[in-house]
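Observations on the three-dimensional arrangement
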Amino acid sequence: ISSFSGVCIDRLPHQMGWIENPKENYTISYPRSQCNSCSRTLGAIDLIPILGWIVNLGKCKSCNSAVPIKYPLTEFAMGLVWASSAYVFDTLGEAMSFCLLASCMMVISALDLKHHWIPAVISTPLLWLGLLLSPFEPEVIIRVIGAVLGGGMIMTVFWFYEKRTGMDVYSGGDIAFIAFM
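Read on for an overview of the structure. Since we're looking at a predicted model, the values are computed, not measured. Note that residues are indexed from 1 along each chain, following the sequence as it is written. Selection of residues for local features in this predicted model requires a pLDDT of at least 70, selection of side-chain atom pairs for listing and counting requires 80 or more, and totals for whole chains, interfaces and linings are taken over all residues. Computation of side-chain values: all heavy atoms of the structure, hydrogens and water removed.

Remarks on the packing of helix H5 (residues 120–133) against helix H7 (residues 172–180)
Each axis is a line fitted through C-alpha atoms, and for a helix only the stretch in contact is used; angles between axes span 0 to 180 degrees, taken between their N-to-C directions. To qualify as a helix, a DSSP run of H or I must reach at least 4 residues; to qualify as a strand, a run of E must reach at least 2; elements of each kind are numbered from the N terminus. Here H5 crosses H7 at 30°, and the two axes come no closer than 8 Å. Considering the angle they form, H5 stands roughly parallel to H7. The interaxial crossing formed by H5 with H7 has left-handed handedness. For the pair formed by H5 and H7, the contact residues are Ala120, Ser123, Thr124, Leu126 and Leu127 on the first element and Gly172, Gly173, Ala176, Phe177, Ala179 and Phe180 on the second. Angles below 35 degrees are treated as roughly parallel, those above 145 as roughly antiparallel, those between 65 and 115 as roughly perpendicular, and all remaining angles as oblique. Left-handed describes a crossing whose near helix is turned anticlockwise from the far helix through less than a right angle; right-handed describes the clockwise counterpart. Every residue pair with non-hydrogen atoms within 4.5 Å of one another is taken to be in contact.

Okay, structure coming up:
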């Protein structure tokens, strides 16, 4: 899951066309993972989280260029989050919900830090999942009120900012994210 999260961080801006000069036909599922320097397709061992990086001594087998340490560090951090959730939460449902949330939050945080963009393709499904299935708040009406107040608050801020500056700052991803929270 942590490796896939890294793929989403790297490729989603290209797939959605939300960056200048996105790579064509570059999606979260295609092409297969490859070296950032020489474009060699990664083998099965290369793709094993953390172990692949250690086995290859942090370098590409073909061109010997360094593989950024952010990949194994991210995988390690997410592994810790997933493993520790088993100790923190009482039920498998709560632990899995938290792990899904943590993985999505990692992707959202990385994209927001790098591109100043919270993708609605992640935050909107999280909003609906939270409204329908949240194990953290049993009362559905409380979830709905919280989402309306949170989303309404950020929409109001965006509306005032647009009126004051004339700039269109509405972002469905931001609104869904605050409503989800």
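Side note on helix H6 (residues 140–165)
Every helix has an expected span of 1.5 Å times one less than the residues it contains. Over its 26 residues, H6 extends 37 Å from the first C-alpha to the last, a length consistent with the 38 Å expected when each residue adds 1.5 Å. For H6, the complete set of buried residues consists of Arg143, Ala147, Gly150, Gly151, Ile154 and Phe158. On the buried face of H6, the contacting elements are H5 and H7. Remark: glycine 166 follows H6 within two positions and exhibits a positive phi of approximately 80°. We call a residue buried when its accessible area falls under 20% of the maximum for its residue type, exposed when it is over 50%, and partly exposed in between, using a 1.4 Å probe and counting protein chains only.

Comments concerning the packing of aromatic side chains
Only Phe, Tyr and Trp rings are paired, with Trp represented by its six-membered ring, and only when their centres lie within 6.5 Å; those with planes under 30 degrees apart are stacked, over 60 edge-to-face, the remainder tilted. Scanning the model with the defined rule gives four aromatic pairs in all. Relative to phenylalanine 160, the ring of tryptophan 159 has its centre 4.9 Å away and its plane inclined at 75°; by these criteria the two rings are edge-to-face. Ring geometry for phenylalanine 177 versus phenylalanine 180: centroids 6.3 Å apart, planes at 50°, classification tilted. In this pair, phenylalanine 177 and phenylalanine 180 are both assigned in helix H7, three residues apart and thus about one turn of the helix distant. You'll find phenylalanine 177 and phenylalanine 180 in the same group, each marked buried. Throughout this description, the term charge over a ring refers to an Arg CZ or Lys NZ atom that lies within 6 Å of the ring centre and within 35 degrees of the ring normal. Positioned over the ring face of tyrosine 26 is arginine 11, at 4.6 Å from the centre of the ring. Directly above the ring of tyrosine 26 sits lysine 23, whose terminal nitrogen or CZ lies 4.7 Å from the centroid.

Let's talk about a nonpolar patch on the surface
Residues Val140, Ile141, Ile142, Val144, Ile145, Val148 and Leu149 make up a contiguous nonpolar surface patch of about 620 Å² in total accessible area. Along the chain, the position of leucine 149 falls in helix H6. Candidate patch residues must exceed 30% relative accessible area and have no salt bridge, after which like charges are joined if within 9 Å and Val, Leu, Ile, Met, Phe, Trp or Tyr side chains if within 5 Å. Using the Shrake-Rupley algorithm and a 1.4 Å probe, accessible areas are obtained, with residue cover drawn only from the displayed protein chains. The salt bridge definition used is simple: a Lys or Arg side-chain nitrogen within 4 Å of an Asp or Glu carboxyl oxygen.

Regarding the environment of histidine 14
Within the secondary structure, histidine 14 sits in helix H1 (residues 2–16). Judged by its relative accessible area of 16%, histidine 14 is buried. Between the C-alpha atom of histidine 14 and that of tyrosine 26, which follows or precedes it by 12 residues, the distance is 6.2 Å. In this structure histidine 14 touches Ile19, Pro22, Lys23 and Tyr26, once residues within four positions along its chain are discounted. Side-chain polar atoms of histidine 14 contact the backbone nitrogen of lysine 23, separated by 3.0 Å. We define a polar contact as two N or O atoms separated by no more than 3.5 Å, with the added condition that, inside protein, one atom must be a possible hydrogen donor and the other a possible acceptor, whereas residues neighbouring each other in sequence contribute only through side-chain atom pairs.

Some thoughts on the side chain of arginine 11
Mapped onto the elements of the fold, arginine 11 is located in helix H1. Only four residue types enter the charge count: Lys and Arg as positive, Asp and Glu as negative, with His and the chain ends excluded. Of the side chains with opposite charge, aspartate 10 comes closest to the buried, unpaired arginine 11, at an N-O distance of 6.6 Å. Setting aside anything within four residues of it in sequence, one finds arginine 11 in contact with Tyr26, Thr27, Ile28, Ser29, Tyr30, Pro31, Arg32 and Ser33.

Some details on the side chain of aspartate 46
Locating aspartate 46 in the fold gives a position in the loop between H1 and helix H2 (51–55). Its relative accessible area of 12% is what places aspartate 46 among the buried residues. Of the polar contacts made by the side chain of aspartate 46, one reaches the backbone nitrogen of glycine 43; its length is 2.8 Å. Once you skip the residues sitting within four places of it in the chain, aspartate 46 turns out to touch Arg40, Gly52, Asn56 and Lys61.

Considerations on the environment of proline 31
Secondary-structure assignment places proline 31 in the loop between H1 and H2. Sequence spacing of proline 31 and threonine 41 is 10 residues, and the spatial spacing of their C-alpha atoms is 8.8 Å. Excluding residues within four positions of it along the chain, proline 31 makes contact with Arg11, Asn25 and Tyr26.

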